[in-house]
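Breakdown of the fold
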Amino acid sequence: MTEVIGNHQARVRIKDLLLRAYIGIKEEEISNQQDVLINVSLTYDATEAVNRNEISAALNYRTITKQIIHHVNGNRFVLLERLTHEVLTIVMEHEAVQWAQVEIDKPHALRYAESVSVCLEAHR
């Protein structure tokens, strides 16, 4: 196999994580859980993971996903902006993450629109 020299900056995407939360300001939103669709993109230096080929050398995106599920599922949020910020904070708590972007959709939040989303990003 040919040796590849260069940047081992990995981009990991967690796509379409569908959870339910209480989110909004109207009485029906406060009383009823709604779907939220979460997408996370992040980067980290995967050099050790590539070289060692061991799970202990890689960023554990399963752990990140479980933390997001635990935090969001069934919880209460007023604003989509705040929910997005809190999920981004969970991702950035992992020191290996160098950059992250979180986009959260609230399906059917507006009449005539498929969804409304908020996207935030952070970097080290």
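The name given to the protein chain in an unreviewed UniProt entry is Dihydroneopterin triphosphate 2'-epimerase, and the organism recorded there is Marinobacter metalliresistant. In the Catalytic activity (unreviewed entry) part of its UniProt record, the protein chain is described as follows: "7,8-dihydroneopterin 3'-triphosphate = 7,8-dihydromonapterin 3'-triphosphate". Quoted verbatim from the Sequence similarities (unreviewed entry) field of UniProt, the annotation for the protein chain is "Belongs to the DHNA family."

Structural notes on the overall build of the protein chain
The helix and strand inventory of the protein chain stands at four helices and five strands. The linear arrangement of helices and strands in the protein chain, starting from the amino end, is β-α-β-α-α-β-α-β-β. Considering only C-alpha atoms, the protein chain reaches an extent of 60 × 25 × 25 Å along its principal axes. Across the protein chain, every contact between residues at least 6 apart in sequence was considered, and the portion connecting residues at least 24 apart equals 60%. Carbon and sulfur atoms provide 50% of the accessible area of the protein chain, an area that totals close to 8200 Å². When the 13 positive and 17 negative side-chain charges of the protein chain are each reduced to one mean point, those points stand 4 Å apart.

Thoughts on the side chain of T43
Mapped onto the secondary structure, T43 falls in strand β2 (residues 34–45). Apart from the residues within four sequence positions on either side, T43 is in contact with Q9, A10, R11, A96, V97, Q98 and W99.

Things to note about the layout of surface pockets
Here the largest pocket defines a volume of roughly 380 Å³. Lining the largest pocket are 19 residues, with I23, G24, E29, K106 and A109 positioned closest to its centre. For the lining of the largest pocket, the elements supplying multiple residues, two or more each, are α1 (27–31), α4 (80–92), β4 (97–107) and β5 (115–123). Residues that form the lining of the largest pocket fall into these classes: 10 nonpolar, four polar and five charged.

Quick notes on the packing of helix α3 (residues 61–72) against α4
Viewed as axis vectors pointing N to C, α3 and α4 meet at an angle of 150°, and their least axial separation amounts to 10 Å. Of the two elements, α3 crosses α4, and the hand of that crossing is right-handed. Residues I64, Q67, I68, H71 and V72 of α3 form the contact with α4, whose participating residues are L83, E86, V87, I90 and V91. When grouped by side-chain class, the residues that make up the contact of α3 with α4 number seven nonpolar, two polar and one charged.

With respect to the packing of aromatic side chains
If you walk through the whole model with that rule in mind, you get zero aromatic pairs. Looking at R76, its charged tip hangs above the ring of Y22, at a distance of 3.9 Å from the centre.

Details of the nonpolar core
Note that soluble globular proteins tend to have their nonpolar side chains buried in a common cluster. Residues I38, L42, I68, V72, L83 and V91 are the most contacted members of the largest nonpolar core, which totals 31 residues. When residues of this core are traced back to their parent elements, those giving at least two are β1 (9–23), β2, α3, α4 and β4. Here L42 is in contact with A10, R11, V12, L59, I64, V91, V97, W99 and A100, once residues within four sequence places are set aside.

Examining α4
Residues spaced three or four apart along an α-helix face the same direction, because each turn holds 3.6 residues. With 13 residues, α4 extends 18 Å from end C-alpha to end C-alpha; this agrees with the ideal 18 Å at 1.5 Å per step. Elements in contact with the buried residues of α4: β1, β2, α3, β3 (76–77), β4 and β5.

The rules behind the values
- Residues numbered from 1 in each chain as written.
- Predicted model: local features only at pLDDT ≥ 70, side-chain atom pairs only at ≥ 80, totals over all residues.
- Heavy atoms only, no water.
- UniProt positions renumbered as here; feature names shortened; annotations may be inferred.
- Helix = DSSP H or I, 4+ residues; strand = E, 2+ residues; numbered from the N terminus.
- Contact = heavy atoms within 4.5 Å.
- Areas by Shrake-Rupley, 256 points an atom, 1.4 Å probe, with all protein chains shown as cover.
- Lys, Arg positive; Asp, Glu negative; His and termini not counted.
- Charge placed at Lys NZ, Arg CZ, Asp CG, Glu CD.
- 1 Å grid on protein atoms, 1.4 Å probe; cavity = no way out; pocket = protein on both sides within 12 Å on 5 of 7 lines; lining within 4 Å.
- Points joined across faces, edges and corners; volume = space filled by probe spheres on them.
- Nonpolar A, V, L, I, M, F, W, Y, C, P; charged D, E, K, R; others polar.
- Axes fitted to C-alpha atoms, helices over the stretch in contact; angles between N-to-C directions.
- Left-handed = near helix turned anticlockwise from the far one by under 90°.
- Phe/Tyr/Trp six-rings, centres within 6.5 Å; stacked < 30°, edge-to-face > 60°.
- Lys NZ or Arg CZ within 6 Å of the ring centre and 35° of its normal.
- Core = buried A, V, L, I, M, F, W, Y, C linked by side-chain atoms within 4.5 Å.
- Buried < 20%, exposed > 50% of the residue type's maximum accessible area, 1.4 Å probe, protein only.
- Expected span 1.5 Å × (residues − 1).

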